[in-house]
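Each chain, letter by letter, is given below.
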Amino acid sequence: MNFRNCSSAILLLIVFELPLFAQNDWTILKEKNGIRISSRHSPTSPFDDVRVELDLSGNIDQLEAILVDVNKYKEWSYATKISRPVKSLGPGKFIYYTEIEVPWPATNRFFYANFELKKNLTERSMHITAVNIPNYEPVPKDLVQVPLTRGTWNITTIRNKSIHVDYMLEMNPGGSLPVWVLNLFSTKGPMETFENIKKKMNALNP
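Keep in mind that this is a model prediction, so the values were computed, not measured.

Engineer: Which parts of the structure should I look at to understand the overall build of the chain?
Structural biologist: Looking only at helices and strands, the chain has four helices and 10 strands in total. Counting from the amino terminus, helix and strand elements in the chain follow one another as α-β-β-β-α-α-β-β-β-β-β-β-β-α. A separation of at least 24 residues holds for 52% of the contacts in the chain among residues at least 6 apart in sequence.

Right, here's the structure in full:
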């Protein structure tokens, strides 16, 4: 290979590798009780992407039962004031509504989301996405619509009674929020949410 061809090959390699490095540009914010919370700059939102990683007792079926029970989200999901199913779209697919309680003087947020769950029985893994549906219904009085929320769950089986969760949240909360409120939803919120999930899974697997 001559020098020109070699240089071109190196340049192409750099161009294609850069996005891969960018995808892993996470900064650890907090680690507690086996729960790791990281963040990275989002190119599409003023709110940083958040990632949560942890191991849980139990199996994917038990976690699935928790995540599809929308009416009980307020029992474990941080700041969830109201959550209810809206429409079934088939096995593992549905639309749901959520209202998020935001500290005063900010205004509560709401969104409708499309939930989709896929399981790989051979690999004993599960992939879930929950993506907001803009303008699905008229904006309720005194609420702000969340323009973007995308939650992605990748759950894998480690052994018979243990699973690994890798969760990522992309969000634009909409409107104007103080920095201290944003910080609540980037660290305190994810930590409390996954501590609650961990308690539920431990209770199922004493």
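Text resumes after the structure shown.
Engineer: Before we go on, may I ask you to explain the pairing of strand β10 (residues 162–172) in this structure?
Structural biologist: In regular strands, side chains alternate between the two faces of the sheet. Counting buried residues in β10 gives 10 out of 11 residues, a clear majority hidden from the surface. Both strand β3 (residues 49–57) and β10 contribute to a ladder of eight bridges, which runs antiparallel. Of the residues in β10, the one forming a bridge with Ser57 is Ser162. Sheet topology note: the strand β9 (residues 148–159)/β10 ladder contains 11 bridges and is antiparallel. Pairing of Thr149 across the sheet is with Met171, part of β10. If you look at the hairpin formed by β9 and β10, you'll find two residues sitting between the two strands.

Engineer: For this particular structure, what's the right way to read the pairing of strand β5 (residues 93–100)?
Structural biologist: For β5, a buried count of seven out of eight residues is recorded, marking the element as mostly surrounded by other parts of the structure. Bridge analysis of strand β4 (residues 80–90) against β5 gives eight bridges, and the strand direction is antiparallel. Counterpart to Lys87 in the pairing with β5 is Ile95. Where β4 folds back onto β5 in an antiparallel hairpin, the turn is made up of two residues, including Gly92, whose phi is positive at roughly 75 degrees.

Engineer: Any chance you could explain the environment of Thr107 here in plain terms?
Structural biologist: With respect to the helices, strands and loops of the structure, Thr107 is situated in the loop between β5 and β6 (109–120). You can call Thr107 partly exposed: its relative accessible area is 32%. Linking Thr107 and Leu143, residues 36 residues apart in sequence, is a C-alpha distance of 6.2 Å. Leave out the neighbours within four places in its chain, and Thr107 touches Val102, Asp142, Leu143 and Val144.

Engineer: It is not clear to me how the nonpolar core should be interpreted in this structure. Could you clarify?
Structural biologist: As a rule of thumb, soluble globular proteins bury nonpolar side chains together. Membership of the largest hydrophobic core comes to 38 residues, with the highest contact counts inside it found for Leu63, Tyr96, Trp153, Ile155, Val165 and Phe194. Those residues within four positions of Leu63 in sequence are excluded, and the remaining contacts are Leu56, Met126, Ile155, Ile163, Val165, Ile197 and Met201.

Engineer: So what exactly am I meant to see when it comes to helix α2 (residues 60–68) here?
Structural biologist: When α2 is considered as a whole, its buried residues turn out to be Ile60, Gln62, Leu63, Ile66 and Leu67. The arc that holds every buried residue of α2, seen down its axis, measures 160 degrees, which confines them to one face. Between the side-chain oxygen of the N-cap and the backbone nitrogen of Asp61 there are 3.0 Å, and the N-cap of α2 in question is Asn59.

Engineer: Is there a simple way to explain the pattern of salt bridges in this structure?
Structural biologist: Applying the stated criterion across every chain, the model contains 14 salt bridges. With a shortest N-O distance of 3.2 Å, Glu31 and Arg36 are connected by a salt bridge. Arg51 is paired through a salt bridge with Asp166; the nearest N and O atoms lie 2.7 Å apart. Within this pair, whereas Arg51 is found in strand β3, its partner Asp166 is found in strand β10, the two being separated by 115 residues in sequence. Through salt bridges with shared partners, a single network forms among Arg51, Glu53 and Asp166.

Engineer: Would you explain the packing of aromatic side chains in this entry?
Structural biologist: The geometry of an aromatic ring pair is captured by the separation of the ring centres together with the interplanar angle, meaning the angle of the planes. Within this structure, the stated rule accounts for 12 aromatic pairs. Taking 6.3 Å as the distance between ring centres and 90 degrees as the angle between the ring planes, the aromatic pair formed by Phe110 and Tyr112 counts as edge-to-face. Here Phe110 falls in the buried class, since its relative accessible area comes to 0%.

Calculation criteria
- Residues numbered from 1 in each chain as written.
- Predicted model: local features only at pLDDT ≥ 70, side-chain atom pairs only at ≥ 80, totals over all residues.
- Heavy atoms only, no water.
- Helix = DSSP H or I, 4+ residues; strand = E, 2+ residues; numbered from the N terminus.
- Contact = heavy atoms within 4.5 Å.
- Buried < 20%, exposed > 50% of the residue type's maximum accessible area, 1.4 Å probe, protein only.
- Pairing = 2+ DSSP bridges.
- Core = buried A, V, L, I, M, F, W, Y, C linked by side-chain atoms within 4.5 Å.
- Arc of directions from axis to C-beta.
- Polar contact = N/O pair within 3.5 Å; in protein donor to acceptor, adjacent residues only side chain to side chain.
- Salt bridge = Lys/Arg side-chain N within 4 Å of Asp/Glu carboxyl O.
- Phe/Tyr/Trp six-rings, centres within 6.5 Å; stacked < 30°, edge-to-face > 60°.

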